Amino acid sequence: MTNGPSFEVPTGRRDGLSSNVRDADVLPDVSDSIQVLRSKFAASGLNDRDLVLLTAAHTIGTTACFFVKDRLYSYPLPGGRTGSDPSIPAAFLSELKARCAPGDFNTRVPLDRGSQGTFDDSILRNIRAGLVPIASDAALEASNATGALVGAYLGAASSSFAQDFVGAMIKMGAIGAITGDAGEIRDECSAFNTN
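Model, not experiment: these values are computed from the prediction.

### A closer look at the overall build of the chain
The helix and strand inventory of the chain stands at 8 helices and 4 strands. Moving toward the C terminus, one meets the helices and strands of the chain in the order α-α-β-α-β-β-α-β-α-α-α-α. Overall, the chain is about 55 × 40 × 35 Å in size when its C-alpha atoms are taken along their principal axes. Each of the 195 residues in the chain was classed as buried or not, and the buried ones make up 33%.

Structure follows, in C-alpha cells:
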C-alpha cells in the first residue's frame with residue numbers, strides 16, 4: 001500500500017484509432033527547464049499548481065540512470081566544459097554517482113529519496129533540498145511561482161495536498177479527450193478493439 005488518495009476515474013473516454021510516437025514530443029522531458037515545463041503544461045491547459053502537483057506523483061517509483069546521467073557527468077558548465085550539475089548537494093551527488101556509474105543506463109534510483117514507496121509530501125521536501133535525481137523535478141525551485149507552491153504544500157496548504165493532487169490528475173486525464181463519434185471506447189485499454 002502506498003497510502004495514496006483514492007478517486008473515481010472518469011470513464012467512457014474515447015481513444016483514437018491510431019498512435020504516433022511524435023505525439024509524445026509535447027510531454028515533459030527530464031531535462032526540460034522550468035520555462036519549457038511551464039510552457040508545455042500551459043499548452044495543455046494546465047497551470048503552475050498542476051505542474052507542482054503532477055510532479056509530486058514522483059513520490060512513488062524509480063527512474064533509470066539513463067535519465068540522470070547528464071546531470072551527473074555531462075552537465076554544461078561555464079567555459080564550454082561539462083561535469084556535474086552544481087545545484088546537486090555534494091553528498092547526494094556522491095550517492096547518485098555511486099549508484100549510476102558512467103555508462104550504466106539501467107540501474108534504478110528512487111525518484112523520492114527515502115520515501116519512494118509511499119504517497120506523501122516527501123518529494124516536495126526533497127525538491128526544496130535539491131535531493132531529486134532528475135533535472136525537471138529540481139527545476140521547480142528555479143521559478144518563484146512553482147517554488148512558492150512547493151513551499152505552500154509543505155506549509156499552510158499541506159492539508160489539501162492529496163485532494164489537490166486528485167484534482168490535477170483528473171484535469172490531466174481530460175487533456176485531448178475525444179468527443180462525439182470519433183475514436184472508440186476500448187474494451188481493453190492497451191489494444192484497439194477488434195470489431
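### What to know about the environment of I185
Following the sequence through the fold, I185 ends up in the segment after α8 (161–173). Spatially, the C-alpha atoms of I185 and L154 are 39 Å apart, while their sequence positions differ by 31 residues. Leave out the neighbours within four places in its chain, and I185 touches G12, R13, R14 and N193.

### Overview of the environment of P76
Tracing the chain through its elements places P76 in strand β2 (residues 75–76). Separated by 10 residues in sequence, P76 and P86 have C-alpha atoms that sit 10.0 Å apart. When sequence neighbours within four positions are dropped, the list of residues in contact with P76 reads R81 and T82.

### Comments concerning the nonpolar core
Counting 24 residues, the largest nonpolar core has V52, L124, I127, L140, Y153 and F161 as its most contacted members. Among the secondary structure elements, those contributing two or more residues to this core are α1 (34–43), α2 (48–55), α5 (122–129), α7 (144–153) and α8. Looking at this core element by element, the count peaks at 4 residues for α2. Not counting residues up to four positions away in its chain, the partners in contact with V52 are L124, L140, T146, L149, V150 and Y153.

### Focus: the pattern of salt bridges
By the definition in use, this model includes 9 salt bridges. Between D48 and R38 there is a salt bridge; the shortest N-O distance is 2.6 Å. Taken together, the residues D48 in helix α2 and R38 in helix α1 connect sequence positions 10 residues apart. Of the residues examined, R38 reaches a relative accessible area of 33% and is grouped as partly exposed. In this structure, D70 and K69 form a salt bridge, with 3.3 Å as the shortest nitrogen-oxygen distance. Classification of K69 as partly exposed rests on a relative accessible area of 23%.

### Some details on α5
What α5 keeps buried is the set S122, I123, L124, N126 and I127. Buried residues belonging to α5 abut α2, α6 (135–138), α7 and α8. Looking one or two residues beyond α5, the residue adopting positive phi is G130, at roughly 80°.

Cut-off values and rules
Residues numbered from 1 in each chain as written. Predicted model: local features only at pLDDT ≥ 70, side-chain atom pairs only at ≥ 80, totals over all residues. Heavy atoms only, no water. Helix = DSSP H or I, 4+ residues; strand = E, 2+ residues; numbered from the N terminus. Buried < 20%, exposed > 50% of the residue type's maximum accessible area, 1.4 Å probe, protein only. Contact = heavy atoms within 4.5 Å. Core = buried A, V, L, I, M, F, W, Y, C linked by side-chain atoms within 4.5 Å. Salt bridge = Lys/Arg side-chain N within 4 Å of Asp/Glu carboxyl O.

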